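Secondary and tertiary structure notes
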Amino acid sequence: MISKAIESLPFLGAGLGYRYQIHDDILANESEIDFLEIITEKYIGAPARTIDSLAEMAEKFTIIPHGVSLSVGSARKVSKTFLSNVKEVVDILNAPYYSDHLATTECPGIDLGHLSPIQYSEVTLKYTIDNINMVQDTLGIPFVIENITKTLEIPGSTMSEEEFLHQLVDKTGCGMLLDVTNLYTNSVNFGFDALERAKQLPLNTVVQAHLAGGIWHHGKLIDSHSEAIPNQVWQLFERLIPFMPIKGALIERDDNYPDFNELLSEVRMSKDLLNTITPR
């Protein structure tokens, strides 16, 4: 069941991941972009001028802070110091929610440096629930969790990722960030039907979607955020929209930046899909 906090979140529309490389283009096309998303960690401990620039952008756009190192799937509790730093960014933006990944980014004494999949078990579920509750209590806003790409499955799981996510959102009231590209990428690399697998997810709690393009490397599809969004991802997103109370769709681009009009065309396409299909 979708929580009241998630249900009451505002509709955002079609957005773009903010990167400094496209800062001027974003400002020059403000009317075309409904919201932005930042990588939170880039603003923790940042110089005052960077924080001031962020605050200025927040006067023009709704900005969603998106994390990459919260590690809610770790057995160790989320760092209170780190959460305090996140809250400073959240408060500057007056953000409606905070998002990060269903993953672990550390093990005792080691920073893994990437988003690692977790074991889907009752034990992992318990401490992931505890971590998410801690995040929501500290930040005072809903938490939204994203599915990741994987190169392997962690042994010892006693439930599917889809069942794990159902229990997670039910017991914490958090929402889901459906990365459509991650879902598609895993379906290609692991050989399953993306649409059928998606229908097993708690789609009724999806707050936001991510859309991006990747590359092939040694026979595997990699979610590189460096290419145009492929037709297969657009088609999957279009077919899933009717099942989701989605608030926003975001275009991700982190490398190999094209002419900005190409990014705007992707923003427009996502906006058209939201406006014609999503009930509001």
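The paragraphs below set out a description of the structure included in this document. Here the structure is a predicted model, which means the values were calculated and not measured.

1. Let's talk about the overall build of the chain
Across its full length, the chain carries 10 helices and 12 strands. Seen along its three principal axes, the alpha-carbon backbone of the chain occupies a region of about 50 × 40 × 40 Å. The buried share of the chain, reckoned over its 280 residues, is 53%. For the chain, the proportion of contacts with a sequence separation of at least 24, taken over those separated by at least 6, is 80%. Per element, the accessible surface of the chain, about 12,600 Å² overall, is 50% carbon and sulfur. Treating the 21 positive side-chain charges of the chain as one cloud and the 38 negative ones as another, the clouds have centres 5 Å apart.

2. A look at a negative patch on the surface
A contiguous patch of negative charge, built from Asp-24, Asp-25, Asp-259 and Glu-262, is present on the exposed surface. You can see Asp-24 is positioned in helix 2 (residues 23–28).

3. Regarding the packing of helix 5 (residues 122–139) against helix 6 (residues 161–172)
Two elements in contact, helix 5 and helix 6, have axes separated by 10 Å at closest approach and are oriented at 40°. One element, helix 5, and the other, helix 6, form an angle in the oblique class. When the axes of helix 5 and helix 6 are compared, the crossing they make is right-handed. Mapping the contact onto sequence places Glu-122, Thr-124, Leu-125, Thr-128, Ile-129, Ile-132, Asn-133 and Gln-136 in helix 5 and Phe-164, Gln-167, Leu-168, Lys-171 and Thr-172 in helix 6. The residue inventory of the contact of helix 5 with helix 6, partitioned by class, reads 5 nonpolar, 6 polar and 2 charged.

4. Here we look at unusual backbone geometry
Despite not being glycine, Ser-71 has its phi angle at roughly 60°, a positive value. Within the fold, Ser-71 resides in the loop between strand 3 (62–66) and helix 4 (80–93). Judged by relative accessible area, Ser-71 falls into the buried class, the value being 3%. The residue His-218 is not glycine, and still its phi comes out positive at about 50°. Positionally, His-218 belongs in the loop between strand 10 (213–217) and strand 11 (220–227). Classification of His-218 by relative accessible area gives exposed; the value is 73%.

5. What about the pattern of salt bridges?
For the structure shown, the criterion picks out 8 salt bridges. Across the pair Glu-32 and Arg-268 runs a salt bridge whose closest N-O atoms are separated by 2.8 Å. Placement of the pair is Glu-32 in the loop between helix 2 and strand 2 (35–39) and Arg-268 in helix 10 (residues 260–277), with a sequence separation of 236 residues. Residue Glu-32 is classed as partly exposed on the basis of its relative accessible area, which comes to 24%. For Arg-268, a relative accessible area of 34% gives the class partly exposed. Between Glu-162 and Arg-197 there is a salt bridge, with the nearest N and O atoms lying 3.9 Å from each other. Residue Glu-162 is found in helix 6, and its partner Arg-197 is found in helix 8 (residues 194–198); the two are separated by 35 residues along the sequence. Salt bridges sharing common partners tie together Lys-150, Glu-153 and Glu-161.

6. Points about the environment of Glu-238
With respect to the helices and strands, Glu-238 occurs in helix 9 (residues 231–240). With 69 residues separating them along the chain, Glu-238 and Val-169 place their C-alpha atoms 23 Å apart.

7. Regarding the side chain of Asp-100
Along the chain, Asp-100 turns up in strand 4 (residues 98–101). There is no salt bridge for the buried Asp-100, and the closest opposite charge comes from Arg-19, which lies 12 Å off by N-O distance. One polar contact links Asp-100 to His-101, side chain to side chain, over a distance of 3.1 Å. Filtering out sequence-adjacent residues up to four positions away, Asp-100 remains in contact with Glu-41, His-66, Gly-67, Val-68, Ser-69, Leu-70, Phe-143, Val-144, Ile-145 and Glu-146.

8. Brief notes about helix 7 (residues 180–190)
Where burial is concerned, most of helix 7 is hidden: 9 out of the 11 residues are buried. The set of residues buried in helix 7 consists of Val-180, Thr-181, Asn-182, Leu-183, Tyr-184, Thr-185, Asn-186, Ser-187 and Asn-189. The elements touched by buried residues of helix 7 are strand 7 (143–146), strand 8 (175–179), helix 8, strand 9 (206–211), strand 11 and helix 9. With a side-chain oxygen lying 3.1 Å from the backbone nitrogen of Thr-181, the N-terminal cap of helix 7 falls on Asp-179. A positive phi of about 75° marks Gly-191, the residue just after helix 7.

9. Description of the pairing of strand 3
The element strand 3 is largely enclosed, with a buried count of 4 among its 5 residues. For strand 2 and strand 3, the ladder comprises 5 bridges, and the chain directions are parallel. The residue bridging Phe-35 from the neighbouring strand is Thr-62, located in strand 3.

Reading the values: the criteria
Residues numbered from 1 in each chain as written. Predicted model: local features only at pLDDT ≥ 70, side-chain atom pairs only at ≥ 80, totals over all residues. Heavy atoms only, no water. Helix = DSSP H or I, 4+ residues; strand = E, 2+ residues; numbered from the N terminus. Buried < 20%, exposed > 50% of the residue type's maximum accessible area, 1.4 Å probe, protein only. Contact = heavy atoms within 4.5 Å. Areas by Shrake-Rupley, 256 points an atom, 1.4 Å probe, with all protein chains shown as cover. Lys, Arg positive; Asp, Glu negative; His and termini not counted. Charge placed at Lys NZ, Arg CZ, Asp CG, Glu CD. Patch = residues over 30% accessible without salt bridge, like charges linked within 9 Å, V, L, I, M, F, W, Y side chains within 5 Å. Salt bridge = Lys/Arg side-chain N within 4 Å of Asp/Glu carboxyl O. Axes fitted to C-alpha atoms, helices over the stretch in contact; angles between N-to-C directions. Parallel < 35°, antiparallel > 145°, perpendicular 65-115°, else oblique. Left-handed = near helix turned anticlockwise from the far one by under 90°. Nonpolar A, V, L, I, M, F, W, Y, C, P; charged D, E, K, R; others polar. Polar contact = N/O pair within 3.5 Å; in protein donor to acceptor, adjacent residues only side chain to side chain. Pairing = 2+ DSSP bridges.

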